[in-house]
Amino acid sequence: MIESRNRDMVRKVEDIKYVAELVKVYNSANELYPINARYPADKSIFYKQMENDENYVYIMEQEIVGFMSYHKHKEYYELTSLYVQFARQRQQIGETLLNCFESKVPTDNLVIVKVLNNSPWAINFYLKHSYMRMTEAQLQSLNIVQHNWETILSHKPVKPLTLAMGMLLYRG
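The structure presented is a predicted model; accordingly, all values stated were derived computationally and were not measured. (Residues numbered from 1 in each chain as written. Predicted model: local features only at pLDDT ≥ 70, side-chain atom pairs only at ≥ 80, totals over all residues. Heavy atoms only, no water.)

1. Regarding the pairing of strand S3 (residues 63–72)
At step 1: Most of S3 sits inside the fold, with 7 of its 10 residues counted as buried.
At step 2: As paired strands, strand S2 (residues 54–60) and S3 are joined by 7 bridges and run antiparallel to one another. Its bridge partner being in S3, Tyr-58 is matched across the sheet by Gly-66.
At step 3: Once S2 ends, the chain turns through 2 residues before running back antiparallel as S3, passing Glu-61 with a positive phi of about 55°.
At step 4: For S3 and strand S4 (residues 77–84), the ladder comprises 7 bridges, and the chain directions are antiparallel. The residue bridging Ser-69 from the neighbouring strand is Ser-81, located in S4.
At step 5: Two successive antiparallel strands, S3 and S4, enclose a turn made up of 4 residues. (Buried < 20%, exposed > 50% of the residue type's maximum accessible area, 1.4 Å probe, protein only. Helix = DSSP H or I, 4+ residues; strand = E, 2+ residues; numbered from the N terminus. Pairing = 2+ DSSP bridges.)

2. Points about the nonpolar core
At step 1: Ranked by size, the top nonpolar core spans 24 residues in total, and within it Met-68, Leu-79, Leu-82, Phe-101, Tyr-126 and Tyr-131 carry the most contacts.
At step 2: Residue assignment for this core shows that the elements contributing at least two residues are S2, S3, S4, helix H3 (93–104), strand S5 (111–116) and helix H4 (120–128).
At step 3: No other element matches the 5 residues that H3 contributes to this core.
At step 4: In this structure Met-68 touches Glu-54, Asn-55, Tyr-56, Leu-79, Ser-81, Leu-82, Leu-97, Cys-100 and Phe-101, once residues within four positions along its chain are discounted.
At step 5: Ranked by size, the runner-up nonpolar core spans 14 residues in total, among them Tyr-26, Met-50, Ile-64 and Phe-67. (Core = buried A, V, L, I, M, F, W, Y, C linked by side-chain atoms within 4.5 Å. Contact = heavy atoms within 4.5 Å.)

3. Describing the packing of helix H1 (residues 19–29) against helix H2 (residues 43–52)
At step 1: In contact at an axis separation of 9 Å, H1 and H2 are set at 120° when each is read in the N-to-C sense. Here the hand of the crossing between H1 and H2 comes out right-handed. Of H2, the residues touching H1 (which contributes Val-19, Ala-20, Leu-22, Val-23 and Tyr-26) are Lys-43, Phe-46, Tyr-47 and Met-50.
At step 2: Partitioned by chemical class, the residues of the contact of H1 with H2 number 8 nonpolar, no polar and 1 charged. (Axes fitted to C-alpha atoms, helices over the stretch in contact; angles between N-to-C directions. Left-handed = near helix turned anticlockwise from the far one by under 90°. Nonpolar A, V, L, I, M, F, W, Y, C, P; charged D, E, K, R; others polar.)

4. A closer look at H1
At step 1: In terms of burial, H1 is largely enclosed, as 8 of its 11 residues are buried.
At step 2: Contact partners of the buried residues in H1: H2, S2, S3 and S4.

5. Things to note about the packing of aromatic side chains
At step 1: A full pass over the atoms with the stated rule returns 6 aromatic pairs.
At step 2: An angle of 40° between the planes, with centres 5.7 Å apart, marks the rings of Phe-67 and Tyr-83 as tilted. Here Tyr-83 lies in strand S4 and Phe-67 lies in strand S3, a separation of 16 residues in the sequence.
At step 3: Between the aromatic rings of Tyr-70 and Phe-101, the centroid separation amounts to 5.3 Å while the plane-to-plane angle is 55°, which identifies the pairing as tilted. One end of the pair, Tyr-70, is in strand S3; the other, Phe-101, is in helix H3, with 31 residues separating them in the sequence.
At step 4: By relative accessible area, Tyr-70 is classed as buried at 7%.
At step 5: Given a relative accessible area of 0%, Phe-101 falls into the buried group.
At step 6: A connected cluster of aromatic rings, assembled from ring pairs, spans Tyr-56, Tyr-70, Tyr-77 and Phe-101. (Phe/Tyr/Trp six-rings, centres within 6.5 Å; stacked < 30°, edge-to-face > 60°.)

Right, here's the structure in full:
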């Protein structure tokens with residue numbers, strides 16, 4: 001539990017003592033999937049995430065009910081997690097966390113998110129917030145491999161830079 005004077009808030013967390021609460025939120029969000037398609041998490045992936053990513057939580061009534069994580073690659077920022085407790089979905093918590101992430105990214109930088117194909121609600125969430133599916137050419141220009149189980153979306157279209165020797169080059 002995180003102490004908070006405000007009723008709702010987004011707060012950066014770095015301490016691994018919150019890992020159990022992140023696992024709880026993630027596993028609750030998984031309730032959107034049919035039972036045979038759920039992938040329960042244990043603490044190990046979240047310890048790694050706390051170590052490698054910037055992590056923010058959404059606190060409601062002194063409880064973590066959502067979280068997001070991101071990290072910077074050389075040419076783009078990647079939203080690595082955004083989860084909201086199942087019972088707290090459709091309360092604009094995900095939108096608040098997404099806005100927090102985008103506010104941390106410097107202007108004119110490309111942002112991407114990788115979404116499981118069997119999560120159409122998540123894909124629609126990002127499309128609703130102006131994300132677009134990346135083209136094969138855009139992915140190749142950034143050396144990103146898209147697996148057959150995922151869809152990769154970007155916050156804004158990757159803009160063509162120049163036409164050189166018959167190839168479009170892209171810039172984030």
